[in-house]
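# Analysis of the macromolecular model
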Amino acid sequence: MSSKEIVNNRERLLVLAACLLITFCMGTVHAFSTLIQNIEMQTNVGRMASSLVYSTALINVTLAVYVGHILYRKFSPQVLIFFIAILPIIGLLISNSESWIGWIIGYGIFFGFSSGLGYGLSLYIVSSVTENKKLGFALGLVTASYAFGAVIFSMLYPFLFDHLGFKDGYICGLLILSSIVFIGLVLFSTSRVKLIQESSTSQQKDFNEVKILKLWLGYFLGVFAGLMIIGHAVPMISSFGGSTSTSITAITLMTLGSGIAGIYAGWLVDRFGCKRPLLAILMINTIAILALSIMTNINLLIILLVLIASLYGAVIAIYPTLVSHIVGSNLSAAVYGRVFTAWGTAGLISPSLAGWLFEKNNNYDASIIFTLSISIVAILIIWTIKYSIKD
C-alpha cells in the first residue's frame, strides 16, 4: 500500500502547506541579484568573482536534487526539514566573515545545497501523497512557490538593507526564512504522515536509459531560452534605452509570470497529460524567440521577455510530473534527480554563452538565433518521447 492510499485530505493539505512554505523560502536563493553589488563592496571583488557565488549556488542546488533520493531513504522528512532550516544559518555564520571565499562557502555551498534539498524533498513528499489526477497541479504549486520566494525577497531584501544595513539586513532575512521553514516542519509533523518507501535505486537499472537521455535533452533544451533571457534581461532592456526602473519592473513581471504559468501548466497537465501541453508551450516559446529576433520596440521586448520567462516556468513545473508519469512514482525521485542536472547544466552554459556571443558581436542577435534553433530541437525531442502514465 502506498502513502497516497492511506493519507486523508486534511493530512494532504497540511503536507502541501508545509512544502509550499519550504519551497517559498528556498527559492530566495535566486534573489541573488539584490545582493550582488553589496557583496562586491563588502569583499572588494569584481562582477565575475561575485557572480561565481551564485554559480556555486546553482551547482549545489543541482547536486542536492541529484543526490536527494539517497537522503530521502536514509533520513526522515522531519530530520531533512530541520537541516534545510539550519544550513542557511550555518552558511550565514561563514559569510559573515565578509570574505569572498566566505560567501562562496556560506551562500554558494550551504544555502545552495539547502535550497536544492528543500525543493527536491518538497517535490518528493507532495508526489508521494497526491493522487495522480491532481499531481500536476500540486507539483505546479510547489514549483510556483519556489519562484514566488525569489520575487518577494527581491523586494524584501532592499527594504531590509535600507533600514538595517547590508549585514544586519541579510541576517534578518535569513532568520525570517529559517523561521518559516521551522513552521513548515511543525505543519508536517502535525500531519503525522509516514512516507512509505516502495523501491530502491537498483530498480533504475531496469529503466530505459535512452528515455532518460531524451528526458534530459528535452529539459536542457527546453529551459535554455528561459535561462538565457532571465540572465540577460537587464542588459537587453538597457540596449533598447530602458531605465533601471523599467528593468526592475520587467524582472518582477518575469518572475511572477514564471510562477503563475507553473500553476496553470500543472492544471493543464491534470486534464491533458504532460506531452501535449509541453509541446504547445515549446512551440509558443519558439514563436516568441523568433519575434524577439526581429522586434525593434522596447514595449514589445518587455512583453516577449515576460512571455518567454513565463513559458520557462511552465516547463519546469511540468517536468517533475512528466518524469513521475513516465517512470512511476517509485522511481520518480531518483530519475528526476538525474534529469534535473539538465537544468543546472543549462543554467551554467546558457547565460555564459549569451555573454560570450554578445562580446563577439556587440549584440544579442547570434544568441537569439542560436536559442531559436535550440528550441526547435527541444520540440522534436519531446515529440519522440513515448508518453504513458505509470502508477
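Just so we're clear, the structure is a prediction, and the values are computed from it rather than from any experiment.

### Some points on empty space enclosed by the protein
One pass over the full model with this rule turns up four cavities of 30 Å³ or more. Put simply, the largest cavity is a space of about 150 Å³. Looking at the largest cavity, it is lined by 13 residues, and the ones nearest its centre are Leu123, Tyr124, Ser332, Ala333 and Tyr336. Looking at the lining of the largest cavity, the elements that each hand over two or more residues are α4 (47-74), α6 (100-129), α12 (298-327) and α13 (329-361).

### With respect to the side chain of Asp270
Structurally, the position occupied by Asp270 is in helix α10 (residues 244-272). Among the polar contacts made by the side chain of Asp270, one reaches the main-chain amide nitrogen of Gly136 at a distance of 2.8 Å. Other than its neighbours up to four places away in sequence, Asp270 contacts Asn132, Lys133, Lys134, Leu135, Gly136 and Phe137.

### Section: the packing of aromatic side chains
Counted under the stated rule, the structure contains 26 aromatic pairs. With a centroid separation of 6.0 Å and an interplanar angle of 65 degrees, the aromatic rings of Phe82 and Phe182 are classed as edge-to-face. Placement of Phe82 in helix α5 (residues 77-95) and of Phe182 in helix α8 (residues 166-191) is noted, with a sequence separation of 100 residues between them. We classify Phe82 as partly exposed; its relative accessible area is 37%.

### A look at the packing of α6 against α13
At a minimum axis separation of 10 Å, α6 and α13 run at an interaxial angle of 145 degrees. Between α6 and α13 lies a crossing whose hand is right-handed. Where α6 abuts α13, its residues Tyr119, Leu123, Tyr124 and Ser127 lie against Ser332, Ala333, Tyr336 and Phe340. Here the residues of the contact of α6 with α13 are counted per class, giving six nonpolar, two polar and no charged.

### What to know about helix α2 (residues 9-26)
Its 18 residues place the ends of α2 26 Å apart at the C-alpha level, agreeing with the 26 Å of an ideal helix rising 1.5 Å per residue. Where α2 is concerned, the buried positions are Glu11, Arg12, Leu14, Val15, Leu16, Ala18, Cys19, Ile22, Thr23, Phe24, Cys25 and Met26.

### Structural notes on the packing of helix α9 (residues 209-239) against α10
It is the contact of α9 with α10, at a shortest axis distance of 9 Å, that shows an interaxial angle of 155 degrees. One element, α9, and the other, α10, form an angle in the roughly antiparallel class. Crossing of α9 over α10 shows right-handed handedness. Along the contact surface, α9 presents Ile229, Ile230, Ala233, Val234 and Ile237, while α10 presents Thr246, Ser247, Ala250, Ile251 and Met254.

### Concerning the environment of Leu92
On the secondary structure map, Leu92 appears in helix α5. Taking the relative accessible area as the measure of exposure, Leu92 reaches 5% and is therefore buried. For the pair Leu92 and Lys167, spaced 75 residues apart in the sequence, the C-alpha separation amounts to 10.0 Å.

### Points about the nonpolar core
Membership of the largest hydrophobic core comes to 99 residues, with the highest contact counts inside it found for Tyr107, Tyr170, Tyr219, Tyr319 and Trp343. Residues in contact with Tyr107, not counting those within four places in the same chain, are Thr28, Val29, Phe32, Leu35, Val53, Ala57, Gly102, Gly112 and Tyr170.

### Comments concerning α8
In this model α8 runs 38 Å from its N-terminal to its C-terminal C-alpha over 26 residues, within 8% of the 38 Å that 1.5 Å per residue would give. Considered for burial, the residues of α8 that qualify are Phe166, Gly169, Tyr170, Gly173, Leu174, Leu177, Ser178, Val181, Gly184, Leu185, Phe188 and Ser191. Where the residues of α8 are buried, they touch α2, α3 (36-43), α5, α6 and α7 (132-164). Two residues or fewer after α8 comes Arg192, characterised by a positive phi angle close to 60 degrees.

### Side note on the environment of Ser178
Counting through the fold element by element, Ser178 comes out in helix α8. With relative accessibility at 6%, the residue Ser178 sits in the buried group. For the pair formed by Ser178 and Ile298, sequence separation is 120 residues and the distance between their alpha carbons is 39 Å. Once residues lying within four places of it in the same chain are set aside, the contact partners of Ser178 are Ala85 and Ile89. A distance of 2.9 Å separates a polar atom in the side chain of Ser178 from the backbone oxygen of Ala85.

### Here we look at a nonpolar patch on the surface
Together, Phe75, Val79, Phe82 and Phe83 make up a nonpolar patch on the protein surface, roughly 340 Å² of accessible area in all. Along the chain, the position of Phe75 falls in the loop between α4 and α5.

### Points about the pattern of salt bridges
The full count for this structure, using the stated rule, is one salt bridge. Among the ionic pairs, Lys167 bridges to Glu98, the shortest N-O distance being 3.3 Å. Note that Lys167 is positioned in helix α8 and Glu98 in the loop between α5 and α6, a separation of 69 residues in sequence. A residue is classified by how much of its surface remains accessible, and Glu98, at 35% relative accessible area, is partly exposed.

Rules of the game
- Residues numbered from 1 in each chain as written.
- Predicted model: local features only at pLDDT ≥ 70, side-chain atom pairs only at ≥ 80, totals over all residues.
- Heavy atoms only, no water.
- 1 Å grid on protein atoms, 1.4 Å probe; cavity = no way out; pocket = protein on both sides within 12 Å on 5 of 7 lines; lining within 4 Å.
- Points joined across faces, edges and corners; volume = space filled by probe spheres on them.
- Helix = DSSP H or I, 4+ residues; strand = E, 2+ residues; numbered from the N terminus.
- Polar contact = N/O pair within 3.5 Å; in protein donor to acceptor, adjacent residues only side chain to side chain.
- Contact = heavy atoms within 4.5 Å.
- Phe/Tyr/Trp six-rings, centres within 6.5 Å; stacked < 30°, edge-to-face > 60°.
- Buried < 20%, exposed > 50% of the residue type's maximum accessible area, 1.4 Å probe, protein only.
- Axes fitted to C-alpha atoms, helices over the stretch in contact; angles between N-to-C directions.
- Left-handed = near helix turned anticlockwise from the far one by under 90°.
- Nonpolar A, V, L, I, M, F, W, Y, C, P; charged D, E, K, R; others polar.
- Expected span 1.5 Å × (residues − 1).
- Parallel < 35°, antiparallel > 145°, perpendicular 65-115°, else oblique.
- Core = buried A, V, L, I, M, F, W, Y, C linked by side-chain atoms within 4.5 Å.
- Patch = residues over 30% accessible without salt bridge, like charges linked within 9 Å, V, L, I, M, F, W, Y side chains within 5 Å.
- Areas by Shrake-Rupley, 256 points an atom, 1.4 Å probe, with all protein chains shown as cover.
- Salt bridge = Lys/Arg side-chain N within 4 Å of Asp/Glu carboxyl O.

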